[in-house]
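Analysis of the macromolecular model
Next come the chains, spelled out residue by residue.
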Amino acid sequence: MGFFSQRISKIQPSVTMSISAKAKSLKEEGKNIINFSAGEPDFDTPENIKNSGIQAIKDGQTKYTPVNGTKELRNAIINKFKKENNLHFSHDEITVGCGGKQVIYNALLASIDKEDEIIIPSPYWVSYPDIALIAEGEPKVLECSLENNFKINPQDLEKCITNKTKWLILNSPSNPTGAMYNDLELMNIAKILLKHPHVWILSDDLYEHIVFDDLKFKNILQIENSLKERTLIVNGVSKAYAMTGWRLGYAGGPKKLINQINKIQSQSTTHTSSISQAAAIEALNNSEEFINKNKKVYQERRDIVFSKLKNFDGFDVFLPQGSFYIYVCCNNLMNKKKEDGTLINNDIEFSDYLLDEAGVAVVPGEAFGCSNYFRTSFATSKSNLEKGCDKIIEASKKLK
Ligand code: PLP
């Protein structure tokens, strides 16, 4: 028996984090790299939010806070849910952690035993299956095809549910596809869930505020409130307010689950930084203008990438309704030859080829449980997007 646990041998480091790191280190070596792999806004955190963090330091808010976040922050979160989602939570139904990621981690660790199943629709955010595995659960991947706009087919969901199912994870708008559920689609999923009262729902709403074409975001509780006693709504400040490094996520859910989440957190990180908590209050209370301005910027960028890549007949491109990602099918380019005569066998090799030949970093679809695709992020400048897309197409055209 080796030193390391079986648990750790089952999981992978985050692929998106490692590609971003590779792109960064190639850049540092002086290579001309355009990074379309980043999972974070390129905007800076707004000044008013930064100033709230600075003021918190000056005011001596530098000590431990309650595990589940300061009362002031939980107030701001309760108001956010009320104002933006028409959802009503009390203080003991809210928790705050070091990013949405930690809140999801705590929730699964608090609820999963060996062999419990977690339904994860694919393509999925890279961390769900690995977090489920750390909790020693069984990720059950539910495939959502391009033909179904990367959304759950309710009949398929029903077939996937067993008596061991603990959770269904819903992520809308989605990372990596940008697919967003409408009211009717959520209602049809809710109808299935109402028939299976042992299944809990984890709604990951991290991209709630990055939505296009005047579409309105809603989560499943806004459609079917009777699911409230078994739904955890996860959100955070990373994507909406350009605060990835501040590490603050939060959730609203049933008190009995929130208590267990808090118990785990009290024995791990205790709480996220007191300074980030102060800054998050400002973010939640005073960011409407920032959000509305960025929505327009992201939509313009989405349109650039979509129309450029769509024009190349080697790709099938899905138009995202939200998030800052475009998911592109590169199946037509598989088994084609590079100039040196070697074959491109899969999307991992294609993504490597794009990095070497075009100097553009993208993430292979394999990382999201759905090949042969790649994910491009449009959280970068218009000129970078134009240059990068041209380079991707130029390199792809060289494949014979
Ligand atoms: N959920 C989704 C779908 C994400 O894409 C991410 C980050 O990339 C997260 C959750 C976690 O974000 P954070 O931990 O920064 O709040």
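About the thresholds
Residues numbered from 1 in each chain as written. Predicted model: local features only at pLDDT ≥ 70, side-chain atom pairs only at ≥ 80, totals over all residues. Heavy atoms only, no water. Pairing = 2+ DSSP bridges. Helix = DSSP H or I, 4+ residues; strand = E, 2+ residues; numbered from the N terminus. Contact = heavy atoms within 4.5 Å. Axes fitted to C-alpha atoms, helices over the stretch in contact; angles between N-to-C directions. Salt bridge = Lys/Arg side-chain N within 4 Å of Asp/Glu carboxyl O. Buried < 20%, exposed > 50% of the residue type's maximum accessible area, 1.4 Å probe, protein only. Near = heavy atom within 4 Å. Polar contact = N/O pair within 3.5 Å; in protein donor to acceptor, adjacent residues only side chain to side chain. Nonpolar A, V, L, I, M, F, W, Y, C, P; charged D, E, K, R; others polar. Patch = residues over 30% accessible without salt bridge, like charges linked within 9 Å, V, L, I, M, F, W, Y side chains within 5 Å. Areas by Shrake-Rupley, 256 points an atom, 1.4 Å probe, with all protein chains shown as cover. Parallel < 35°, antiparallel > 145°, perpendicular 65-115°, else oblique. Left-handed = near helix turned anticlockwise from the far one by under 90°. Core = buried A, V, L, I, M, F, W, Y, C linked by side-chain atoms within 4.5 Å. Domains from an automatic or database assignment. Buried area = accessible area lost by both parts, 1.4 Å probe.

Strands sit in the order S9-S10-S13-S12 across an open sheet of four strands; the sheet is antiparallel. Single-partner strands in this sheet number two, and they are strand S9 (316-317) and strand S12 (363-364). In this structure, S12 lies alongside strand S13 (residues 373-377), joined through two bridges in antiparallel fashion. Note on S13: the bridge partner recorded for proline 364 is phenylalanine 374. Where helix H12 (residues 288-310) meets the sheet, its contacts fall on S9, strand S10 (325-329) and S13, and the angle it forms with S10 comes to roughly 10°.

Take the pattern of salt bridges next. Taken as a whole and judged by the stated rule, the model has 22 salt bridges. Two residues, lysine 151 and glutamate 185, come together in a salt bridge whose shortest N-O distance is 3.0 Å. A residue pair is termed long-range when its members are at least 10 positions apart, and lysine 151 in the loop between strand S4 (138-143) and helix H7 (154-160) and glutamate 185 in helix H8 (residues 183-194) qualify at 34 residues. Lysine 151 sits in the buried class, given a relative accessible area of 7%.

Take the site of the ligand next. The local shell around the ligand holds 13 residues, among which Gly100, Asp204, Ser238, Lys239 and Arg247 are the closest. Contact distances for the ligand include 2.7 Å between an oxygen atom and a backbone N or O atom of glycine 100. Side-chain polar atom of arginine 247 to an oxygen atom of the ligand: 2.8 Å apart, as the coordinates give it. Its residues assigned to classes, the shell around the ligand comprises four nonpolar, five polar and four charged.

Attention shifts here to a nonpolar patch on the surface. On the surface, Phe3, Phe4 and Ile8 cluster together to form a nonpolar patch covering roughly 430 Å² of accessible area. Residue placement: isoleucine 8 occurs in helix H1 (residues 6-9). Residue class for isoleucine 8 comes out partly exposed when judged on its relative accessible area of 45%.

Moving on to the side chain of asparagine 235. Structurally, asparagine 235 is set in strand S7 (residues 231-236). A polar contact of 3.5 Å, which involves the side chain of asparagine 235, links it to the backbone oxygen of aspartate 205. At 2.8 Å, the side chain of asparagine 235 forms a polar contact with the side chain of glutamate 208. Not counting chain neighbours up to four residues away, the residues in contact with asparagine 235 comprise Lys80, Gly100, Asp205, Leu206, Glu208, Gly249 and Tyr250.

The next point concerns the sheet that holds S4. Strand order in the open sheet formed by seven strands is S2-S8-S7-S6-S5-S3-S4, with mixed pairing between adjacent strands. Strands at the two margins of the open sheet, each flanked by one partner only, are strand S2 (94-97) and S4. The average undirected angle you get between the axes of adjacent strands in this sheet is 25°. The sheet contact formed by S7 and strand S8 (residues 249-252) spans four bridges and is antiparallel.

Packed helices, taken two at a time, are described by their axes: the angle between them and the distance between them. Running from N to C, helix H4 (residues 71-85) and helix H11 (residues 274-285) point in directions that differ by 25°, and their axes come no closer than 9 Å. The angle between H4 and H11 places the two elements in the roughly parallel class. Remark: the crossing between H4 and H11 carries left-handed chirality. Each of Glu72, Leu73, Ala76, Ile77 and Lys80 in H4 lies in contact with H11, whose residues at this interface are Gln277, Ala280, Ile281, Leu284 and Asn285. Residues of the contact of H4 with H11, tallied by class, amount to six nonpolar, two polar and two charged.

This part takes up the nonpolar core. Note that soluble globular proteins tend to have their nonpolar side chains buried in a common cluster. Trp167, Leu232, Leu309, Phe315, Phe350 and Ile392 are the most contacted members of the largest nonpolar core, which has 77 residues in total. Taken domain by domain, the makeup of this core includes at least three residues from each of domain 1 (6-44 + 289-397) and domain 2 (63-286). In contact with isoleucine 392, not counting residues within four places along its chain, are Phe36, Leu309, Phe315, Leu354, Ala358, Val360, Val362 and Phe374. Of all hydrophobic cores here, the second largest spans 43 residues; its members include Phe89, Leu157, Cys160 and Leu193.

What follows is about the domain arrangement of the protein chain. The domain architecture assigned to the protein chain consists of domain 1 (6-44 + 289-397) and domain 2 (63-286). Averaged C-alpha coordinates put domain 1 and domain 2 at centres separated by 26 Å. Interface area for domain 1 against domain 2, summed over the two sides, is near 3100 Å², with a carbon-plus-sulfur share of 63%. In this structure, the connection of domain 1 to domain 2 is made through two salt bridges. One salt bridge in this structure joins aspartate 213 and arginine 302, with 2.9 Å as the shortest N-O distance. Taken together, the connections running from domain 1 to domain 2 amount to 13 residue pairs in polar contact (both at pLDDT 80 or more). Elements that contribute at least two residues to the side of domain 1 that touches domain 2 include exactly helix H2 (15-28), H12, S10 and S13. Residues of the side of domain 1 that touches domain 2, tallied by class, amount to 18 nonpolar, nine polar and eight charged.

Close contact between H12 and helix H14 (residues 382-397) brings their axes to 10 Å; oriented N to C, the two are set at 15°. In this view, H12 runs roughly parallel relative to H14, as classed from their interaxial angle. Viewed along their axes, H12 and H14 form a crossing whose handedness is right-handed. Two secondary-structure elements touch here, H12 through Glu300, Arg301, Ile304, Val305, Lys308 and Leu309 and H14 through Lys382, Leu385, Glu386, Cys389, Asp390, Ile392 and Ile393. Its residues placed into classes, the contact of H12 with H14 shows seven nonpolar, no polar and six charged.

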